[in-house]
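The primary structure of each chain is shown beneath.
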Amino acid sequence: MDYLGLIINIFVSVAKTGNDRHAFTSSSRAEIRTLCGNWRESRQIDRSKASSLGKLSEARYRTMQFYSRRKKLIGNSQTEQLYGHCLQFYGQPPIENISLSEFETFAVDRLKLLKTVENLGVSYVKTSELYTKKLDAEFSNLNFPYKIEASTKDDWKPQTGPSEYEKRRKDHISHFILRLAYCQTEDLRRWFIQQEIDLFRYRFNDLPSKNIGQFLQYNNLHYHTISIDEKKKLMDKLVTSSFAVSGSTVDGKDFYKVPFQDALDLVRTRKVYLNGGYVYIPHQDIVTIVLNDFRTRLSKALALTARSLPAVQSDERLQPLLNHLSHAYVGQDYSIQKSIGKISLEQIDPLSAKSYPLCMRQLHRGLRDSHHLRHGGRMQYGLFLKGIGLTLDQALQFWRSEFVKGKVDADKFDKAYAYSIRHMFGKEGKRTDYTPYSCMKVILSNPPSQGDQHGCPFRHSDPELLKQKLQSYKVSPSGISQILELVKGMHYQLACQKYFELTHSIEDSGFSLNHPNQYFMESQKLLGGPGAGVKVEVKREDNPATKPPNPSPHQTPGPGNLPQEVAAEITEDLDSFFQDA
């Protein structure tokens, strides 16, 4: 009973009686005395209950601890069962909670892995020793499982670095995160399926025969090896029909007996022996069947994920991250450059011929020819120049000297264009230090229209025009053919990397190209120029919205004070600036 509340109500009623002291003396005082006595008794009862309950609470606490430990053990048992094999079909989604930072880390690491798989798949034969060696190194660097390492319970305990269990957990969760990001369009789904299949093929081929059988059983794929007696009986047929199988090697190879409808690709190409509705598949070809199954499952899963995506996108914590992942740049950040001021304006022309990627070389040539660039070109080239070391004063001088050679006088330049240049250096507006555009941003956002010079020439140029441009830059005919073949396969960054190798006369660049400023830095390292040895800050994503604003020493006139047509053009510039990188 709330005695204190009743006492307060009595005081309120007394206050309403005004000066009637008799009413308070005769009725209220006695009632208050009685209630206070009852309140003291209730407090004593509460204390005695608390002492007895304290003994019970200790027992209850121990019981709760027991159930908590039991629940944890059950959870660990389920998780170990979920990650019971180093290779998965990813049939069951994750069942645990993770932090947003871990969510982002897992997603970015897997994205790096898939991009490495894509680059190596184009540059090397997928089953070659060099391909396997480079992919092994990437797996190890990113802490993903790629070998059979967990054979006993002790292997699940952390030793040096992440345990095998932690690697498998990361592999499982990161796959499902990228499913959310790459289920949104047909192109994204196609890319994701292809890279995951290549990744799966590499890992499956690395499994010993014993573990392949365990994997098939684990995923309810009822493909069994034939007995030794049956193999001897069919030996001539198996040797005749199977590729890379001879009489001397057939004894040491496993053959799987599979319903022919599950191996139509192998039947179509006449690579297997067919008899009685079953095909006999040698060990090295069973991966074809498993990959077809994996492709079918993953394709259906992505379609189902796409239907459920609106519910996920309603979470404001996840929506920006998922939208950004599909075209995220996961390399170095070139916004904070330690070579500021080391490149002079007189060096820009020779550097453009030696160390510029084709996109920036095209922009520089267009600027020199027409003495003007539209807003998309100004931003793409302006941020690149900032990244290679131009200061704000140098940038203003560079753009002013070029524009005044055209139809823009110095006064109009100061009013219409100087503001946007100061803006990209973080001296106007939100005072954000903007990041030079990555290759993915150049390729995927703001495609050029008629009269524009920006964009990626490998992505946005007509193949015939691209061929003429490469010829004018003295690229060999065989090199042009290689570049055009990569462009045809939509490997635009690899085409640019091949352009780097051809123009620098090297066989292998030794890096994966992801950024125009990376191209410049690597070129300068080879040539020993002013950019050689310059260090840049490592950053996971070039998202300018996350950077702190710079202090404001003074305020200069903004676009609101400019003529209407000039303000409209600058506003168009700034809209593009505010896009995520």
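Residues numbered from 1 in each chain as written. Predicted model: local features only at pLDDT ≥ 70, side-chain atom pairs only at ≥ 80, totals over all residues. Heavy atoms only, no water.

Quick look at the overall build of the protein chain
Now for step 1: Broken down by element type, the protein chain carries 25 helices and six strands.
Now for step 2: For the protein chain, long-range pairs separated by at least 24 residues make up 70% of all intrachain contacts whose partners lie at least 6 apart in sequence. (Helix = DSSP H or I, 4+ residues; strand = E, 2+ residues; numbered from the N terminus. Contact = heavy atoms within 4.5 Å.)

Things to note about the pattern of salt bridges
Now for step 1: All chains considered together, the criterion is met by 25 salt bridges.
Now for step 2: A salt bridge links E96 to R169, with the nearest nitrogen and oxygen atoms 3.0 Å apart. Placement of E96 in the loop between α2 (21–82) and α3 (100–123) and of R169 in helix α5 (residues 164–182) is noted, with a sequence separation of 73 residues between them.
Now for step 3: The partly exposed category is assigned to E96, whose relative accessible area is 32%.
Now for step 4: Exposure remark for R169: the relative accessible area of 12% places this residue in the buried category.
Now for step 5: Put simply, R110, D171, E196 and R203 are held in one network by salt bridges that share partners. (Salt bridge = Lys/Arg side-chain N within 4 Å of Asp/Glu carboxyl O. Buried < 20%, exposed > 50% of the residue type's maximum accessible area, 1.4 Å probe, protein only.)

Details of unusual backbone geometry
Now for step 1: Residue Y90 is not a glycine yet carries a positive backbone phi of 55 degrees.
Now for step 2: Along the chain, Y90 turns up in the loop between α2 and α3.
Now for step 3: Under the relative-accessibility criterion, Y90 is labelled buried at 4%.
Now for step 4: Phi is positive for M490, which is not a glycine, with a value near 65 degrees.
Now for step 5: Here M490 lies in the loop between α22 (477–488) and α23 (492–503).

Some remarks on the packing of α3 against helix α6 (residues 186–205)
Now for step 1: Interaxial distance between α3 and α6 falls to 9 Å at its minimum, and their mutual angle equals 80 degrees. By the criterion of interaxial angle, the relationship of α3 to α6 is roughly perpendicular. Residues R110, L111, L113, L114, K115, V117 and E118 of α3 touch α6, and the partners they reach there are W191, F192, Q195, E196, D198 and L199.
Now for step 2: In terms of residue class, the contact of α3 with α6 is made up of seven nonpolar, one polar and five charged. (Axes fitted to C-alpha atoms, helices over the stretch in contact; angles between N-to-C directions. Parallel < 35°, antiparallel > 145°, perpendicular 65-115°, else oblique. Nonpolar A, V, L, I, M, F, W, Y, C, P; charged D, E, K, R; others polar.)

Some thoughts on the packing of aromatic side chains
Now for step 1: Evaluation of the coordinates by the stated rule reveals 28 aromatic pairs.
Now for step 2: Between Y356 and F384, the aromatic rings sit 5.0 Å apart at their centres with planes inclined by 85 degrees, giving edge-to-face as the arrangement. Of the two residues, Y356 is situated in the loop between α13 (348–354) and α14 (358–370) and F384 in helix α15 (residues 375–388); the sequence distance between them amounts to 28 residues.
Now for step 3: The exposure class of Y356 is buried, given its relative accessible area of 2%.
Now for step 4: Under the relative-accessibility criterion, F384 is labelled buried at 1%.
Now for step 5: Each member of the aromatic cluster is reached from another via a ring pair, and the members are Y356, Y381, F384, F398, W399, F403, F413, Y417 and F520.
Now for step 6: When the ring centre of Y278 is taken as origin, the NZ or CZ atom of K257, which lies over that ring, is 5.0 Å away.
Now for step 7: Geometry around Y437 places K441 over its ring, the cationic atom sitting 4.8 Å from the centre. (Phe/Tyr/Trp six-rings, centres within 6.5 Å; stacked < 30°, edge-to-face > 60°. Lys NZ or Arg CZ within 6 Å of the ring centre and 35° of its normal.)

Re the sheet that holds strand β4 (residues 278–282)
Sheet strands pair via backbone hydrogen bonds, and the direction of the pair is either parallel or antiparallel.
Now for step 1: As summarised here, the arrangement of the four strands in space is β1-β2-β4-β3, forming an open sheet in which the pairing is antiparallel. Each edge of the open sheet is held by one strand with a lone partner, namely β1 (224–225) and β3 (273–275).
Now for step 2: Two elements, β1 and strand β2 (residues 255–259), share two bridges in a ladder whose sense is antiparallel. By the bridge assignment for β2, T225 is matched with Y256. (Pairing = 2+ DSSP bridges.)

Quick notes on the confidence of the model for the protein chain
Regions with low pLDDT carry predicted coordinates that are not meant to be interpreted in detail.
Now for step 1: Confidence in the prediction for the protein chain averages 76 pLDDT; 71% of positions are at 70 or higher.
Now for step 2: Below a pLDDT of 50 lies the segment residues 1–8, which in the model reaches eight contacts outside its immediate sequence neighbourhood of four places, other chains included.
Now for step 3: Scored below 50 in pLDDT, residues 149–158 makes 16 contacts in the model with residues more than four places away or belonging to other chains. (pLDDT = per-residue confidence, 0-100.)

Considerations on a nonpolar patch on the surface
Now for step 1: Residues F260, L264 and L274 make up a contiguous nonpolar surface patch of roughly 260 Å² in combined accessible area.
Now for step 2: Within the secondary structure, L264 is located in helix α10 (residues 264–268).
Now for step 3: Judged by relative accessible area, L264 falls into the partly exposed class, the value being 43%. (Patch = residues over 30% accessible without salt bridge, like charges linked within 9 Å, V, L, I, M, F, W, Y side chains within 5 Å. Areas by Shrake-Rupley, 256 points an atom, 1.4 Å probe, with all protein chains shown as cover.)

A few points about the packing of α14 against helix α16 (residues 392–403)
Now for step 1: Closest axis-to-axis distance for the α14/α16 pair is 8 Å, and the angle between their directions is 45 degrees. Taken together, the axes of α14 and α16 are oblique relative to one another. Along the contact surface, α14 presents H364, L367 and R368, while α16 presents F398, W399, E402 and F403.
Now for step 2: A class-by-class count of the residues in the contact of α14 with α16 yields four nonpolar, one polar and two charged.

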